[in-house]
Amino acid sequence: MNALTPPTGVWWKQPLDRVEGTWIVIAFAWCLIMFFMMPYWHVYGKQNLSNEAYRTTPEMFQAKTQAMVDKYKVREETDQKIPVVAPPAGSDVYLIARLWSWWPMVELEEGKTYRLHLASMDWLHGFSLQPENINIQVHPGYEHVMTVTPTRAGTYSIICNEYCGINHHTMASRMYVVKAK
Amino acid sequence: MAVNRMFRTCPSTGLVYHEPAEKLIRWNAVAAVVSLLVGGILALLVTLTRWPAVHLLPPDWFYLVLTAHGLDMLVFWIIFFEIAVLYFCSSVLLRCRLAMPGMAWLGFWLMIVGALVNNVAVFRGDSSVMFTSYAPMGAHPAFYLGLILFAVGALIACFVFFGTLVVAKAERTYNGSVPLVTFGAVTAAIIAVFTIASGAIILIPTFLWSIGLVDYIDSLMYRTVWWAFGHSSQQINVAAHVSVWYAIAAVVFGAKPMSEKVSRTAFFLYICFLQLASAHHLLADPGLTSNWKIFNTSYAMYLAVLASMVHGLTVPGAIEVAQREKGFNRGLFEWLRKAPWSNPSFSAMFMSLIGFGFLGGISGVMMGTEQLNLIIHNTIYVPGHFHATVVVGTTLAFMGLTYFLIPTLFRREMMFPGMAKWQPYVFGLGMMSFSLFMMGAGTLGVPRRHWDMTFAGNALGYEFPGTAYLMMGIMAISGLAAVVGGIMYLLITVGSVFLGKKIQTPDFARVAARDGVAPKPVPQPVAVSHAGIGTAGFVAPGTFVLALVFLTAFVLYYFVNWKYLSTVWPLS
């Protein structure tokens, strides 16, 4: 009798071996610890992805982003004249993902909290903030709203890490975090 | 139509082959190896492009080749081989005729046509949408049609498998319960039916969308349902390769399962909980609640992880018990030291087990944790993880099984036995290192499915740290080692099957149904006594120590990542 032949006798009455019994108890305890780490982090941890999301359309999201750009634009950068916006702490910050750019650029203050809105105009994109290494999926038709608190001043990169066609690897932008004034 | 009742018995293994089943197993295995060959060439091209110092292909070719590599390996190589395993585990292990061989051939040819249609669509160049083909990015209709045809073929094969179980029961070719390995195959087949149903639910509307009959596919709906297909198909692999571990342990060592009850319950946990893992891919997505994510990503409460941890103990545990009973009973690890390390079936199986657990398992649980996913989602960490599970785990286990099958199924002597001794090490260690350095680069944020991590000529590009480049370089070199291991495997298998020396064995002969009835088993005492082996009441103390080493690595790595997460920007 082995694993390739039918078991003989009443196999479900065969007593558990001590090695197996002990391991099952240990392994299950570890499984429970891992399970409860997730709700625990929602209560005591600071890095939780927001559940807040709304249905949207490219037109609606474009309009809201444009309104923010009109209000808080501080300068333009690169040949494409990408606007850089510096909205006040606590305000809503909109970021458009589209083939194959992020729009606009954002300048935030260190230690302040913002409500960041992410949505795609076309296909799926991936918001990947480097070198912080925060990675969030960006969908068309969904406006994902999260509060974010940059903790260190510096120049960050936003790259796309969801494959979005032939120029996917060119889709990159910046995020500035400046010392609080 | 007369039922084919031609059988032969393999003199060296005692396995019983039904004529149509043997032919189907061979053809499915051959189709699998051909897919592996194509996928392997593509793997080499992908590796050489992601090696920053080489950067071989232009972007359009890179994305095309990466799409084809994913499909040929993850779908065609593995599922063809799994169909062979299903037929083996039903017809051969139950010594029973295969149900409806005609339907099985229909399934096989549908799979062949589907695989070809899909590959043609990709190589035409207008379907470089990756394995995942996320809508609203669209592919040529033939891309989806090929996958649908393939899935229908695979579904037919699953039902031929179930039908064979019914025939075996009706013709009483075995007594009591099916063997453990067959039970594992049943698990794989049940998960396969769920997987294929999910695939149909998402791919059929997407196909209709691609030809203009449906006007909108929601991207979140697509990802949710697609992953019920995409992730579950990897769970078929887990159930299949765990069954293969048990089979190889039985073949090489005559190992008995430590307890049937535990191993079967663990398989049953797979059936109940593995399919929730669609959620692993949606942890960084909007529109789903944390409650949904936590429940599903943890397979209820990590009950499927528990099952894998149980198999991870019981397979080497069974080997340890068998070895100790043969007299290798000294110390903790004599059984392992004296294991047949030059037998490629064993070395492949054992590396598959270690690699799947330590690299694939731990990383999978880590990145399947709701919050921890934020720091690895869509980075190259993800392919690092699944090359450890699917390549080191599944592919290596299947390679080990192949070495057993060549003489008994194909009736050929294995060619290049000296090379075969080394093949699992070259492939397995190369692939483990490949996965490990991919994960390392992913931790530094290197994206997956990305043609140019240097962002050459891009004013806004990100400059990755030097370590990331170093890791990508080592990854590529390890990948080349694995490609060499893959070439060795192909030389040995293709060489043996077509050119190997024929083994003369008794040929097929008619066996009447009443002669195929299994004899009544001699009643045996149920309690298996392992008196005199092991230490401290533990029959497999060495395995237990290895399991504790695994658990320690798991706990440390898990909390290191929480520590890392706690340093990133607060989000809520």
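Just so it is clear, the structure is predicted and the values come from calculations on it, not from any experiment.

Each value, and the rule that gives it
For every chain, the first residue of the written sequence is number 1, and numbering continues from 1 along that sequence. Lettering for chains starts from A, numbering for ligands starts from 1, and both go in the order in which the items are written. Where local features are concerned, this predicted model is filtered to residues with pLDDT of at least 70; where side-chain atom pairs are given and counted, the filter is 80 or more; whole-chain, interface and lining totals use all residues. Side-chain metrics in this entry use all non-hydrogen atoms of the structure; hydrogen atoms and water are not considered. For the purposes of this entry, the term helix denotes a DSSP run of H or I that reaches at least four residues, the term strand denotes a run of E that reaches at least two, and both are numbered from the N terminus. As defined in this context, the radius of gyration uses C-alpha atoms, and a globule is described by 2.2 Å times the residue total to the power 0.38. Partly exposed describes any residue whose relative accessible area lies between the buried limit of under 20% and the exposed limit of over 50%, with all areas from a 1.4 Å probe on protein chains only and scaled to the type maximum. We call two residues in contact whenever any of their non-hydrogen atoms come within 4.5 Å of each other. Only the protein chains shown count as cover for residues, and all accessible areas are computed by the Shrake-Rupley method using a 1.4 Å probe. Helix axes are fitted to C-alpha atoms over the stretch in contact, other axes to C-alpha atoms as well, and angles between N-to-C directions run from 0 to 180 degrees. If an angle is under 35 degrees, it is roughly parallel; if it is over 145, roughly antiparallel; if it lies from 65 to 115, roughly perpendicular; otherwise it is oblique. Left-handed is the label given to a crossing in which the near helix is rotated counterclockwise from the far helix by less than a right angle, and right-handed is the label when the rotation is clockwise. Ten residues, namely Ala, Val, Leu, Ile, Met, Phe, Trp, Tyr, Cys and Pro, are considered nonpolar, four, namely Asp, Glu, Lys and Arg, are considered charged, and the remaining ones, Gly among them, are considered polar. Summed over both partners, buried area is the accessible surface (1.4 Å probe) that two parts give up on being assembled. A pairing counts as a salt bridge when a side-chain nitrogen of Lys or Arg comes within 4 Å of a carboxyl oxygen of Asp or Glu. We call two N or O atoms a polar contact when they sit within 3.5 Å, provided that within protein one can donate a hydrogen and the other can accept it, with sequence-adjacent residues counted only if both atoms are side-chain atoms.

*Asks:* Teacher, can you tell me more about the overall build of chain A here?
*Replies:* Within chain A one finds 2 helices and 12 strands. The secondary structure elements of chain A, listed N-terminal to C-terminal, are α-β-α-β-β-β-β-β-β-β-β-β-β-β. For 181 residues, the compact-globule estimate of 2.2 N^0.38 gives 16 Å, and the C-alpha radius of gyration of chain A, at 24 Å, exceeds that figure by more than 25%. Looking at chain A as a whole, 55% of its 181 residues are labelled buried. Sequence separation of at least 24 residues holds for 60% of the intrachain contacts in chain A that already meet a minimum separation of 6. Split by element, the accessible area of chain A, about 7400 Å² in all, is 59% carbon and sulfur.

*Asks:* Before we go on, may I ask you to explain the packing of helix 2 (residues 59-92) of chain B against helix 6 (residues 219-253) of chain B in this structure?
*Replies:* Working note: a packed helix pair is described by the angle between its axes plus the distance between those axes. Residues and elements named next belong to chain B. Remark: helix 2 packs on helix 6, axes separated minimally by 11 Å, with the N-to-C direction vectors making an angle of 40°. Here helix 2 lies oblique to helix 6, going by the angle between them. Pair helix 2 / helix 6 crosses with left-handed handedness. For the pair helix 2 and helix 6, contact is made by Leu 74, Ile 78 and Glu 82 and by Gln 234, Ile 236, Asn 237 and Ala 240, respectively. Grouping the constituent residues of the contact of helix 2 with helix 6 by class yields 4 nonpolar, 2 polar and 1 charged.

*Asks:* Even after reading the chapter, I still don't get the side chain of Glu 320 of chain B, so can you show me in this structure?
*Replies:* All names here are of chain B. Residue placement: Glu 320 occurs in helix 9 (residues 299-325). The class for Glu 320 is buried, based on a relative accessible area of 0%. Residues within four places of Glu 320 in sequence aside, it is in contact with Leu 332, Trp 335, Val 539, Ala 540, Pro 541, Gly 542 and Thr 543.

*Asks:* When you look at the interface of chain B and chain A in this model, what are you seeing that I'm missing?
*Replies:* For an interface, size is often stated in terms of accessible area lost upon the parts coming together. Counting from both sides, the interface comprises 113 residues of chain B and, opposite them, 88 residues of chain A. Overall, the association of chain B and chain A removes approximately 9000 Å² of surface from exposure, summing both partners, and the carbon and sulfur fraction of that is 68%. Counting across the chain B and chain A interface gives 3 salt bridges. A salt bridge links Asp 218 of chain B to Arg 55 of chain A, with the nearest nitrogen and oxygen atoms 2.9 Å apart. Applying the counting rule to chain B against chain A returns 46 residue pairs in polar contact (both at pLDDT 80 or more). Every element with two or more residues in the side of chain B that touches chain A is listed here: helix 2, helix 5 (180-210), helix 6, helix 7 (260-273), helix 8 (290-297), helix 9, helix 13 (417-443) and helix 15 (541-566) of chain B. If one sorts the elements of the side of chain B that touches chain A by residue count, helix 15 of chain B sits on top with 13 residues. When its residues are assigned to classes, the side of chain B that touches chain A shows 71 nonpolar, 29 polar and 13 charged.

The values are spatial; any link to function lies outside them.
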